[in-house]
Amino acid sequence: MLLFAIALHANDEGDKASQVLHSAVTMALELGMNRRNFASENGLGNPLMQESWRRTWWELYVVDGLIAAVSQSTAFQLRDVASDVPLPCEESEYVSSCLPYGYRTLEEYDNALFENEDITYSSFTYRIDAVRILGKILAVSQRDSFDLQSIDAIDALLVNWSLHLPASKRQPIGKDGQIDEMLFQAHMIVGTPRSHLNFNSVETVKTCVSSREHLLPAQAREIHTAKAIQAAEEVAKLITLPKPLGKHTHFFVCCVTMASVTFLSHWDSIIPFGDETPIKEQIRLSIGALRAMENLWPVAGTALHQVKKVAQEIFAEKKASSSIYLDAVTNDGIVQSMMENELVSGPDAQQLS
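Fair warning: this is a prediction, and the values are worked out from it, not measured in the lab.

### Points about the overall build of the chain
Link 1 in the chain: In terms of regular secondary structure, the chain is built from 14 helices and zero strands.
Link 2 in the chain: Helices (α) and strands (β) of the chain occur, in sequence order from the N terminus, as α-α-α-α-α-α-α-α-α-α-α-α-α-α.
Link 3 in the chain: The 353 residues of the chain split such that 43% are buried.
Link 4 in the chain: Counted over contacts in the chain with a minimum sequence separation of 6, partners at least 24 positions apart contribute 71%.
Link 5 in the chain: Of the roughly 19,300 Å² of accessible surface on the chain, 55% is carried by carbon and sulfur atoms.

Given below as structure tokens:
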């Protein structure tokens, strides 16, 4: 059911995906998959099968959070569900069946900073933590209004996640040049901008984008704008990594769409004759990424159409504004020239001669 929900969402059938995912979550909780002992009780004494059960639970948690983040109505059902299921091992260990001895929990992960030894957790674990932060972001964004204290707390979570990554996990690409997909998704989740800068100009982009917006004090808006653009630029860096975009999770489509909305909003706010080249290049990159994924993921085609339409509308409006501005400048120049000529050739000038 989990795989079916993912496939439905990738096929741009978000409502059906949410329904199937809800059934999967309900079934998982009824079975008690959020309990530590579930894997050992149902793993037939096979360590690999036990690890498979643990990974299934955590994958359900991650997908539940991701679909909630890109949906207009779906809630993060597992956000507050208590679980003592041990954390997953590295992908290479799972694939090779060379499983580590002993497993750590989220509680141990949270307290790792205060331990004497430096522990590097699996990339899957950092992905889980990224979704936990995402859950807190969603909880704040669903309120009727923001309070600055909550925003500051979220910012601290995001920064701490990055600051405390082990050196080997700070980039989603390893020394061998291969992309760590679990780590790629973790950076994708943490780095994606969660809101846009000027809602009216991009409101026709519905795919993966929440329609909620809040009014912030002027200084807070300036900080928010800078952080949103920075996050969108981080998404652009992920696009350029040396791996075919179709090899990533389809949720990257939503990540790119959110970044596109941020870039479009910023572009719309730039005054005529400002330096638009950098922001237009970022928009071209985002649209190109969506185009590269549309043949594989139908949801990318829908997002591409919406983003391109907004880009074309902003371009047309800017072109018209520039023309009006040029006409005004030209007319002002003509009037000014006539006034100067009048001063030079008028009666007073004749008297002076």
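Now that the structure has been shown, we can carry on.
### So, the layout of surface pockets
Link 1 in the chain: Estimates place the volume of the second largest pocket at around 630 Å³.
Link 2 in the chain: Lining the second largest pocket we find 24 residues, and of these Tyr109, Ala112, Leu113, Asn160 and His164 sit closest to its centre.
Link 3 in the chain: Going through the elements one at a time, α6 (106-111), α7 (123-141) and α8 (148-163) are the ones with two or more residues in the lining of the second largest pocket.
Link 4 in the chain: Ranked by residue count, the leading element in the lining of the second largest pocket is α7, at five residues.
Link 5 in the chain: Per-class residue counts for the lining of the second largest pocket are 13 nonpolar, three polar and eight charged.

### Observations regarding the state of the cysteines
Link 1 in the chain: Per the counting criterion, the structure on display carries one disulfide.
Link 2 in the chain: Between the sulfur atoms of Cys208 and its disulfide partner Cys254 the distance amounts to 2.1 Å. Across the S-S bond of Cys208 and Cys254 the torsion is about -45 degrees, and the bridge reads as left-handed. With Cys208 in the loop between α9 (181-191) and α10 (218-239) and Cys254 in helix α11 (residues 251-269), this pair connects stretches of sequence that are 46 residues apart.

### A look at the side chain of Thr125
Link 1 in the chain: Examined against the element boundaries, Thr125 turns out to sit in helix α7.
Link 2 in the chain: Ignoring sequence-local partners within four residues, the contact set of Thr125 consists of Leu87, Pro88 and Tyr109.

### Thoughts on the confidence of the model for the chain
Link 1 in the chain: Confidence in the prediction for the chain averages 86 pLDDT; 83% of positions are at 70 or higher.
Link 2 in the chain: Mean pLDDT across the elements of the chain bottoms out in helix α14 (residues 347-352) (48) and peaks in helix α1 (residues 2-10) (97).
Link 3 in the chain: Counting interchain partners and residues more than four positions distant, the pLDDT-below-50 stretch residues 349-353 has three contacts.

### Points about α11
Link 1 in the chain: Between its terminal C-alpha atoms α11 stretches 28 Å, which fits the 27 Å expected from 19 residues at 1.5 Å a residue.
Link 2 in the chain: With 16 of 19 residues buried, α11 is to be regarded as a mostly interior element.

### Points about the nonpolar core
Link 1 in the chain: Core analysis: the largest hydrophobic core is formed by 85 residues, its most contacted members being Trp58, Leu60, Phe252, Leu264 and Met293.
Link 2 in the chain: Once residues lying within four places of it in the same chain are set aside, the contact partners of Phe252 are Phe184, Met188, Val235, Leu238, Ile239, Leu245 and Met293.

### Side note on the packing of α1 against helix α4 (residues 47-70)
Link 1 in the chain: Their axes nearest at 11 Å, the elements α1 and α4 cross at an angle of 25 degrees. Relative to α4, the element α1 lies roughly parallel. The handedness of the crossing between α1 and α4 comes out as left-handed. Seen from α1, the contacting residues are Leu2, Ile6 and His9; seen from α4, they are Thr56, Glu59, Leu60, Val63, Ile67 and Val70.
Link 2 in the chain: In terms of residue class, the contact of α1 with α4 is made up of six nonpolar, two polar and one charged.

### Comments concerning the packing of aromatic side chains
Link 1 in the chain: One pass over the full model with this rule turns up seven aromatic pairs.
Link 2 in the chain: Relative to Trp58, the ring of Trp57 lies with its centre 6.4 Å away and its plane at 65 degrees, an arrangement referred to as edge-to-face. The pair Trp57 / Trp58 is uniform in exposure class, with both members buried.
Link 3 in the chain: Taking 5.1 Å as the distance between ring centres and 80 degrees as the angle between the ring planes, the aromatic pair formed by Tyr109 and Tyr121 counts as edge-to-face. Residue Tyr109 is found in helix α6, and its partner Tyr121 is found in the loop between α6 and α7; the two are separated by twelve residues along the sequence.
Link 4 in the chain: The exposure class assigned to Tyr109 is buried, which follows from its relative accessible area of 14%.
Link 5 in the chain: Put simply, the rings of Trp57, Trp58, Tyr61 and Phe76 pair up and form one aromatic cluster.
Link 6 in the chain: Above the face of the Tyr94 ring, Arg55 is positioned so that its terminal group lies 4.4 Å from the ring centre.

What counts, and where the lines are drawn
- Residues numbered from 1 in each chain as written.
- Predicted model: local features only at pLDDT ≥ 70, side-chain atom pairs only at ≥ 80, totals over all residues.
- Heavy atoms only, no water.
- Helix = DSSP H or I, 4+ residues; strand = E, 2+ residues; numbered from the N terminus.
- Buried < 20%, exposed > 50% of the residue type's maximum accessible area, 1.4 Å probe, protein only.
- Contact = heavy atoms within 4.5 Å.
- Areas by Shrake-Rupley, 256 points an atom, 1.4 Å probe, with all protein chains shown as cover.
- 1 Å grid on protein atoms, 1.4 Å probe; cavity = no way out; pocket = protein on both sides within 12 Å on 5 of 7 lines; lining within 4 Å.
- Points joined across faces, edges and corners; volume = space filled by probe spheres on them.
- Nonpolar A, V, L, I, M, F, W, Y, C, P; charged D, E, K, R; others polar.
- Disulfide = S-S within 2.5 Å.
- pLDDT = per-residue confidence, 0-100.
- Expected span 1.5 Å × (residues − 1).
- Core = buried A, V, L, I, M, F, W, Y, C linked by side-chain atoms within 4.5 Å.
- Axes fitted to C-alpha atoms, helices over the stretch in contact; angles between N-to-C directions.
- Parallel < 35°, antiparallel > 145°, perpendicular 65-115°, else oblique.
- Left-handed = near helix turned anticlockwise from the far one by under 90°.
- Phe/Tyr/Trp six-rings, centres within 6.5 Å; stacked < 30°, edge-to-face > 60°.
- Lys NZ or Arg CZ within 6 Å of the ring centre and 35° of its normal.

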